[in-house]
Amino acid sequence: MQPQKELVRRRLVLTALVIISLIFITLFLREASDGALHSVQQGGLGAMSPIQSVATRAVQPFQDAWRYVTGVWSAYEENRELASELEELRGQVVQMQEAAEENERLKRLLEFQQSGIFPAGSTYCVARVIGRSPTRWQNWVQVDKGTADGLAVNQPVVGAAGKAGDSLSGKGLVGKVVAVTAHSAQVQLISDPESSVAALIQGTRAEGILEGTVTGSLLMDFVERDQLVELEAVVITSGSGQIFPKGIPVGKVVSVGEEDVNIYKTIEVQPFVEVRSLEEVMVLTTVSQSGDVQTKKLPTGIQPGSGGR
């Protein structure tokens, strides 16, 4: 019974407090602003003000510390997000730069194709370089196109370097296809020591054979000593071989020498195209001109090249 009486007593006390509170609230709201209850309220606030001020000053350092910690963490999170966004933007910039440079290289190849040098009706295939010879004793590149794209052994290969719109500077012959599979091909560069190209020098029309060297330059042999050869003269393919059509730019004469024991001049030619930096090349898949070879698509598989010029 005692717990029951205690519960009843607590309920009565709570009810009385609620009733008294309602009475005081009603009186407070009904009396004038200078009434007794208002006076008691103002006195209470005045008495509590010093205590509240002390409590505020005591709590302020903790509030400042909390705001500092939350601010530092927020700044850390924001900095991490910004760093991630910055790395993503840097990657996008690199990709855009690569795309712009590739577009510029392909534009130079297109300009070369449309220059009017190649026989009308010729067809072309642009290929990307995917591999290179490991030593200086051989100079070749591997490209990502093969018989499935119309490539065949002994097709001429040209390239372009330098800025687009720069006349024919940096555009010229780079080699020929010497081996091919369905989806790749090997291109022997004109700088390869085993390479030979029938060529002539513009102006004097002196003919000879261009051969590669391990240094990357070209030597033009079989030009007789009594023939005039000028420095800076342009060297082009002569078309006398069965591989390269006539008129493809190759390079320019940088030195001319003679030896008493040699009936031919010693002529050094600098190629127009820096073959070591090639990233894309253009293969002449068909050459439609009387007297030139028109190549055909050959069966899938490795096809060793011949030594024609």
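Up top is the structure these notes are about.
Residues numbered from 1 in each chain as written. Predicted model: local features only at pLDDT ≥ 70, side-chain atom pairs only at ≥ 80, totals over all residues. Heavy atoms only, no water.

What follows concerns the pattern of salt bridges. What the rule picks out here adds up to 7 salt bridges. Among the ionic pairs, Lys 252 bridges to Glu 232, the shortest N-O distance being 3.4 Å. Placement of the pair is Lys 252 in strand S10 (residues 249-257) and Glu 232 in the loop between strand S8 (218-221) and strand S9 (234-237), with a sequence separation of 20 residues. A salt bridge links Glu 274 to Arg 276, with the shortest nitrogen-to-oxygen separation between them at 2.9 Å. Residues participating in the shared-partner salt-bridge network are Arg 225, Glu 258 and Lys 265. (Salt bridge = Lys/Arg side-chain N within 4 Å of Asp/Glu carboxyl O. Helix = DSSP H or I, 4+ residues; strand = E, 2+ residues; numbered from the N terminus.)

Turning next to the pairing of strand S2 (residues 140-143). Judged from the 3 bridges that link them, strand S1 (residues 123-132) and S2 form a sheet pairing that is antiparallel. Pairing of Arg 132 across the sheet is with Val 141, part of S2. As paired elements, S2 and strand S5 (residues 185-189) share 4 bridges and run antiparallel to each other. Bridge assignment links Val 143 to a residue of S5, and that residue is Ala 185. (Pairing = 2+ DSSP bridges.)

A word on the packing of aromatic side chains. To describe a pair of aromatic rings, one takes the distance between the centres and the angle between the planes. Tallied over the full model, the rule gives 4 aromatic pairs. Between Phe 222 and Tyr 264, the ring centres sit 5.3 Å apart and the planes meet at 75 degrees, which makes this aromatic pair edge-to-face. Taken together, the residues Phe 222 in the loop between S8 and S9 and Tyr 264 in the loop between S10 and strand S11 (266-271) connect sequence positions 42 residues apart. Residue classification places Tyr 264 among the partly exposed positions, given a relative accessible area of 24%. Within the aromatic cluster, the residues linked to one another by ring pairs are Phe 112, Phe 118 and Tyr 124. (Phe/Tyr/Trp six-rings, centres within 6.5 Å; stacked < 30°, edge-to-face > 60°. Buried < 20%, exposed > 50% of the residue type's maximum accessible area, 1.4 Å probe, protein only.)

With that settled, the discussion passes to a nonpolar patch on the surface. The grouping of Leu 14, Val 18, Leu 22 and Ile 25 at the surface amounts to a nonpolar patch, some 380 Å² of accessible area in total. Its place among the elements puts Ile 25 in helix H1 (residues 2-30). According to the relative accessible area criterion, Ile 25 is partly exposed, its value standing at 48%. (Patch = residues over 30% accessible without salt bridge, like charges linked within 9 Å, V, L, I, M, F, W, Y side chains within 5 Å. Areas by Shrake-Rupley, 256 points an atom, 1.4 Å probe, with all protein chains shown as cover.)

With that settled, the discussion passes to the side chain of Asp 192. Its place among the elements puts Asp 192 in the loop between S5 and strand S6 (196-201). At a separation of 2.7 Å, a polar atom in the side chain of Asp 192 contacts the main-chain amide nitrogen of Glu 194. Not counting residues within four places of it along the chain, the set of residues in contact with Asp 192 comprises Gln 138, Asn 139 and Gly 212. (Polar contact = N/O pair within 3.5 Å; in protein donor to acceptor, adjacent residues only side chain to side chain. Contact = heavy atoms within 4.5 Å.)

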